[in-house]
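Observations on the three-dimensional arrangement
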Amino acid sequence: MSKPSLARGTRDFGPEQMAKRNFIFETVRRSFQRYGFLPLETPAFENLSVLMGKYGDEGDQLLFKILNSGDFTSKLEDKDYTEGYKPLTSKISEKGLRYDLTVPFARYVVMNRGTLAMPFKRYQIQPVWRADRPQRGRYREFYQCDADVVGTDSLLCEAEIVNLLHDILPALGISDFTVKINNRKVLTGIADVIGAGGMEGPLCVAIDKLDKIGKEKVVEELAERGFSSDSITMLDPIFSLSNSEKPFEALRNWLSGSEIGLKGIEELEEVWKMVGLLGLVNPKIEFDVTLARGLSYYTGAIFEVKANNVQIGSISGGGRYDNLTGTFGVPGISGVGISLGVDRIYDVMEELNLFPENQTTSTKVMISNFDKEAFEFGLSLLPKFRKAGINAEMYPDSVKLKKQLDYADRKNIAFVVLIGSDEIQSGKLTLKNMKTGEQQKLSIEEIIPLLS
RNA sequence: GAGGUUGUAGCUCAGUCGGUUAGAGCGCUAGAUUGUGGUUCUAGAGGUCGCGGGUUCGAGACCCGUCUCCCUCCCCA
């Protein structure tokens, strides 16, 4: 016997939390479907050959690996124990838990590309696992809600994602948010014009932290990462650009020497234009040249959504990637997607008190259990309630009424039908309103329309 | 992966310098009330002091290890 405990970084979700989480899931699902995304589910675990090498060295370490079943030591030799854990891991583990929804999606697209109607739009709402160190708002098991379009490089997809976000978030009650947008090509262009071509990776990691650690620290970090002081000086416009009146014009002047940078600006303007054509009024979109997102596979638009006036920062992120399926041998499939973080959205909604009331009420009416005769009479009523679409239950044991009412009270059951010998004889049941305490004598035919 | 921090009843937490039988509030169970919940009153149950080792006549307290919560960094949703 040992005390039960939760595995590190995991959580239970009780009935109350589940009501709220399901509200989020259903709202998100409805919106995804309204934009033509089709559902997809993939297995919780994949072959490690699918997962490894897709998230960088750090990502490989954060993969939960599944030990081979059976006698996994039988094929090992003495030297396997001394050569370190990395070569050993590949000999005793062949499967791992999914780390995100994008890579399994890419695998699915490659395996089914002959049968999919392209462009393919899919949504996927499933848990993912990371062997990370848990912190506030960060768990080892959490849900992602992804929607991606692959097989087209039309910027309509980007504009639709903006619209989609303006659909989902207000439907959840989150009306004060900002969709920050940037373009990876702009960042590449910046690296070019400051004479640090090819270094946009470290550049992104550093400037992405601007709002968190401030300009000085970013400059410090850039120097550490090997940027020359000339480059850093030339980077100066970045700190003021997003605040300027016409950022795209200023940016165009700055990046006039970089073809790819200019292409990025063009794409941004196109997205803005199409968002307008889709008729979105007062779009909450904002160009942010310092938005970089560390993920290296983005090649075009980058999104991040912030809920305003709350502690919790980003609740959603995404972008365009040109070579999603390249590592599986099928190059040239472009895609763009968005991922919503359910746990953070939950926290934001909790903090702003946005969940609708009465999410937890499951039973509308409970039938009391006074004695054997009343119990049997009550059983005949139960299906009548249920057929009328009223959530109903019968208290299973003949215990004191006090206990039964206490149960109904704690479970937030709105009505209790009390049945004793009087009620059985007259057919007039006692309907008790648990909120007001009121009681009235009514027939079952009168009660049902009252509760439905 | 690096650093810091926490752990005592179901929950939130007291527990003095190392000293007798480890406490409170809330919750729980029963009764006051044999057909009536929430309020009130009374009584009761409930503890491997995270786990393992050590120091000591004596450890909830001190030391070491380990696990866990939370926080910072790295990274991320």
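In what follows, the structure referred to is the one given above.
Attention here is on the structure that accompanies the text.

Each value, and the rule that gives it
- Residues numbered from 1 in each chain as written.
- Chains lettered and ligands numbered in written order.
- Predicted model: local features only at pLDDT ≥ 70, side-chain atom pairs only at ≥ 80, totals over all residues.
- Heavy atoms only, no water.
- Helix = DSSP H or I, 4+ residues; strand = E, 2+ residues; numbered from the N terminus.
- Rg over C-alpha atoms; globule rule 2.2 N^0.38 Å.
- Buried < 20%, exposed > 50% of the residue type's maximum accessible area, 1.4 Å probe, protein only.
- Contact = heavy atoms within 4.5 Å.
- Areas by Shrake-Rupley, 256 points an atom, 1.4 Å probe, with all protein chains shown as cover.
- Axes fitted to C-alpha atoms, helices over the stretch in contact; angles between N-to-C directions.
- Parallel < 35°, antiparallel > 145°, perpendicular 65-115°, else oblique.
- Left-handed = near helix turned anticlockwise from the far one by under 90°.
- Nonpolar A, V, L, I, M, F, W, Y, C, P; charged D, E, K, R; others polar.
- Salt bridge = Lys/Arg side-chain N within 4 Å of Asp/Glu carboxyl O.
- Phe/Tyr/Trp six-rings, centres within 6.5 Å; stacked < 30°, edge-to-face > 60°.
- Lys NZ or Arg CZ within 6 Å of the ring centre and 35° of its normal.
- Near = heavy atom within 4 Å.
- Polar contact = N/O pair within 3.5 Å; in protein donor to acceptor, adjacent residues only side chain to side chain.
- Expected span 1.5 Å × (residues − 1).
- Pairing = 2+ DSSP bridges.

Turning our attention to the overall build of chain A. Within chain A one finds 18 helices and 16 strands. The C-alpha atoms of chain A give 29 Å as radius of gyration, which overshoots the globular expectation for 452 residues (22 Å, by more than 25%). For chain A, the spread of C-alpha atoms along the three principal axes comes to 95 × 65 × 45 Å. Taken over 452 residues, chain A has a buried fraction of 47%. Put simply, 67% of the contacts in chain A that link residues at least 6 apart link residues at least 24 apart. Total accessible area computed for chain A in this model is approximately 23,700 Å², and 50% of it derives from carbon and sulfur atoms.

This paragraph deals with the packing of helix α6 (residues 156-172) against helix α13 (residues 259-277). Between two packed helices, both the angle of their axes relative to each other and the distance between the axes serve to describe the pair. Contact geometry for α6 and α13: axes closest at 9 Å, N-to-C directions at 55 degrees. Judged by the angle between their axes, α6 and α13 are oblique. Between α6 and α13 lies a crossing whose hand is right-handed. Of the residues in α13, those in contact with Leu 156, Glu 158, Ala 159 and Val 162 of α6 are Val 271, Met 274 and Val 275. For the contact of α6 with α13, the residue count by class is 6 nonpolar, no polar and 1 charged.

It is worth spelling out the pattern of salt bridges at this point. The final tally for this structure, using the stated rule, is 21 salt bridges. Lys 20 is paired through a salt bridge with Glu 350; the nearest N and O atoms lie 3.3 Å apart. Linking Lys 20 in helix α1 (residues 15-34) with Glu 350 in helix α14 (residues 342-351), this pair joins segments that are 330 residues apart in sequence. For Glu 350, a relative accessible area of 35% corresponds to the partly exposed category. Here Lys 372 and Glu 376 are joined by a salt bridge, their closest N and O atoms 3.2 Å apart. In this pair, Lys 372 and Glu 376 both sit in helix α15 (residues 372-387), 4 residues apart, roughly one turn of the helix. For Lys 372, a relative accessible area of 63% puts it in the exposed group. Overlapping salt bridges, with partners in common, bring together Arg 11, Arg 21 and Asp 343 in one network.

Under the counting rule described, the total for this entry stands at 10 aromatic pairs. Ring centres of Phe 25 and Tyr 143 lie 5.2 Å apart, and the angle between their planes is 50 degrees; on these two criteria the pair is classed as tilted. Placement of Phe 25 in helix α1 and of Tyr 143 in strand β6 (residues 141-150) is noted, with a sequence separation of 118 residues between them. Taking 4.2 Å as the distance between ring centres and 40 degrees as the angle between the ring planes, the aromatic pair formed by Tyr 55 and Tyr 99 counts as tilted. You can see Tyr 55 sitting in the loop between α2 (48-51) and α3 (56-62) and its partner Tyr 99 sitting in the loop between β4 (93-97) and α5 (102-111), a full 44 residues away along the chain. Of the aromatic side chains, those joined through ring pairs into one cluster are Phe 32, Phe 37 and Tyr 123. If you follow Arg 122 out to its NZ or CZ, it ends over the ring of Phe 105, 3.9 Å from the centre.

As a structural note, the neighbourhood of RNA strand B is formed by 39 residues, with Arg 130, Arg 136, Arg 138, Met 434 and Gln 439 the closest of them. The sugar-phosphate share of atoms of RNA strand B within 4 Å of the protein amounts to 47%. In the environment of RNA strand B, a sugar or linking oxygen lies 2.6 Å from a nitrogen or oxygen atom belonging to the side chain of Arg 130. A distance of 3.3 Å is found between a base nitrogen of RNA strand B and a backbone nitrogen or oxygen belonging to Lys 435. For the surface near RNA strand B, the secondary structure elements donating two or more residues are β6, α16 (401-410) and α17 (421-426). With 7 residues, the top contributor of residues to the surface near RNA strand B is α16. Split into classes, the residues belonging to the surface near RNA strand B amount to 9 nonpolar, 9 polar and 21 charged.

Attention now goes to unusual backbone geometry. Pro 119 follows Met 118 through a cis peptide bond whose omega is -5 degrees. If you trace the backbone, Pro 119 turns up in the loop between α5 and β5 (120-129). Positive phi is not limited to glycine here, since Asn 282 has a value of about 45 degrees. Here Asn 282 shows up in the loop between α13 and β8 (285-287). Despite not being glycine, Asn 412 shows a phi value in the positive range, around 60 degrees.

The next subject is α15. Counted at 1.5 Å a residue, the expected span for α15 with its 16 residues is 22 Å, and the 24 Å between its end C-alpha atoms agrees. What α15 keeps buried is the set Ala 374, Gly 378, Leu 381, Leu 382 and Phe 385. Residues of α15 that are buried in the fold lie against β12 (365-367), β13 (392-394), β14 (415-418), α17, β15 (429-433) and α18 (444-451). Taken from the residues just after α15, Gly 389 is the one with a positive phi, measuring 80 degrees.

Next up on the list: the sheet that holds β4. Spatial ordering of the open sheet is given by β2-β4-β3, a layout of 3 strands whose pairing is antiparallel. With one partner strand each, in any of the chains shown, β2 (45-47) and β3 (65-67) form the two edges of the open sheet. On average, adjacent strands in this sheet sit at an angle of 40 degrees to one another, irrespective of strand direction. In the sheet, β2 pairs with β4 via 3 bridges, with the strands oriented antiparallel. Paired with Glu 46 across the strands is Gly 96, a residue of β4. This element, helix α4 (residues 85-92), spans β3 and β4 of the sheet and lies at about 90 degrees to β4.

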